[in-house]
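These are the residues of each chain, in order.
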Amino acid sequence: MRRFLLLFSCLYLLAVSCGGGKIIDPASLRGLSQTELQQMREEVLARHADGSALSDSETEYVEQIREQERRLENAWVFGEWRERHGARLIFRDDGSVSVGARGGAYDELGVYKFVSPEVPSFESTWTLIYDTQGKPVVVVAGPGDTDLIYPFGSSRTSVRERAGDLQESSETGCLFSKVQ
C-alpha cells in the first residue's frame, strides 16, 4: 500500500512539474504519515533550490500538504465530539467533518430551545489554524456564509462553538465534549 501511495505522489509531482497539475483530492492524503508528507513537500521545494519560484499549482499543493501536516500534529481533534443535547461533530483525518443534526438552539440567555423541524446535518471540510497565542482553532465551512469556529484554548476535551468568521464571531451556546 505504501508503495502505491509513494508511486501516486511521484506521478502527481511529475504531472505538476510538466504543467498539467490539478490539485489532488485531500482524501488521497489520508493514511500518509507526517514523514511521508514532509518528504513530498520537500521534493517539490528541492526542485526550486536554485531560488526559482513555485508555480501556482505547486504552491497550492505544498499548502495542501502543510495543512494535512497540521491536522496530523493535532490528531487529538480526530473523532467524535458531542453536545449534551445530542448535536455531534465527527472530525476525520482527511479534512472532512460531519456536523450532526440539531434539535434546537440556545437563546441569548443561554437557554436551550427545541425547534421543529430540526436543523439538518451536513458534511463539510475543516481547517486547523493557530490564533495569535499559538493555540489551535478549527474552522468548519458552514452551509451558508457563516463558518463554525472551535477555539481550543488549553482544553483538548471540550470546546465552545462559535459562529461567524475569524474577525467577528459569536458563541452559539454549544459546548462539545470529546467522546472517548
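Everything here concerns the structure above.
No experiment lies behind these values; they were computed from the predicted model shown.

Undergrad: Help me out: how do you make sense of helix H2 (residues 34-46) in this one?
TA: Given 3.6 residues to a turn, an α-helix orients residues that are three or four positions apart in the same direction. Here H2 spans 18 Å end to end across 13 residues, near enough to the 18 Å set by a 1.5 Å rise per residue. Listed as buried for H2 are Glu36, Leu37, Met40, Arg41 and Val44. Buried residues of H2, viewed axially, fall in a sector of 135°; they line one side.

Undergrad: How do you make sense of the nonpolar core when you look at a structure like this?
TA: Buried together is how nonpolar side chains tend to be arranged in soluble globular proteins. Formed by 31 residues in total, the largest nonpolar core has its most connected members in Phe91, Trp126, Val138, Val140, Tyr150 and Phe176. Here Val140 is in contact with Phe91, Val97, Val99, Ser124, Thr125, Trp126, Asp147, Leu148 and Tyr150, once residues within four sequence places are set aside.

Undergrad: Which parts of the structure should I look at to understand the packing of aromatic side chains?
TA: For any two aromatic rings, the description comes down to two numbers: the centre-to-centre distance and the angle of the planes. Following the criterion strictly, the structure yields eight aromatic pairs and no others. Pairing Tyr112 with Phe114 gives two aromatic rings, centres 5.0 Å apart and planes at 85°, and the pair type is edge-to-face. Overall, the relative accessible area of 63% leaves Phe114 in the exposed class. By way of ring pairs, the aromatic residues Phe78, Phe91, Trp126, Tyr150 and Phe176 are connected into one cluster. The positively charged end of Arg71 is found above the aromatic ring belonging to Trp126, 5.5 Å away from the centroid.

Undergrad: Sorry if this is basic, but what is going on with the pairing of strand E8 (residues 147-151) here?
TA: On any regular strand, side chains alternate: one points to one face of the sheet, the next to the other face. As judged from the four bridges shared by strand E7 (residues 136-140) and E8, these two strands associate in the antiparallel manner. Bridge pairing in E8 places Val138 opposite Tyr150. Both E8 and strand E9 (residues 158-164) contribute to a ladder of three bridges, which runs antiparallel. The partner of Ile149 across the bridge, within E9, is Arg162. Between E8 and E9, which pair antiparallel one after the other, the connecting turn spans six residues.

Undergrad: Looking at this structure, I do not really get the packing of H2 against helix H3 (residues 56-73). What am I missing?
TA: Working note: a packed helix pair is described by the angle between its axes plus the distance between those axes. One can describe the packing of H2 onto H3 by two numbers: an axis separation of 10 Å at closest approach and a directional angle of 160°. Taken together, the axes of H2 and H3 are roughly antiparallel relative to one another. In terms of crossing hand, the pair formed by H2 and H3 is left-handed. Contact residues: H2 offers Gln34, Leu37, Gln38, Met40, Arg41, Val44 and Leu45, while H3 offers Glu58, Tyr61, Val62, Ile65, Arg66, Gln68, Glu69, Leu72 and Glu73. Here the contact of H2 with H3 is composed, by residue class, of eight nonpolar, three polar and five charged.

Thresholds applied
Residues numbered from 1 in each chain as written. Predicted model: local features only at pLDDT ≥ 70, side-chain atom pairs only at ≥ 80, totals over all residues. Heavy atoms only, no water. Helix = DSSP H or I, 4+ residues; strand = E, 2+ residues; numbered from the N terminus. Expected span 1.5 Å × (residues − 1). Buried < 20%, exposed > 50% of the residue type's maximum accessible area, 1.4 Å probe, protein only. Arc of directions from axis to C-beta. Core = buried A, V, L, I, M, F, W, Y, C linked by side-chain atoms within 4.5 Å. Contact = heavy atoms within 4.5 Å. Phe/Tyr/Trp six-rings, centres within 6.5 Å; stacked < 30°, edge-to-face > 60°. Lys NZ or Arg CZ within 6 Å of the ring centre and 35° of its normal. Pairing = 2+ DSSP bridges. Axes fitted to C-alpha atoms, helices over the stretch in contact; angles between N-to-C directions. Parallel < 35°, antiparallel > 145°, perpendicular 65-115°, else oblique. Left-handed = near helix turned anticlockwise from the far one by under 90°. Nonpolar A, V, L, I, M, F, W, Y, C, P; charged D, E, K, R; others polar.

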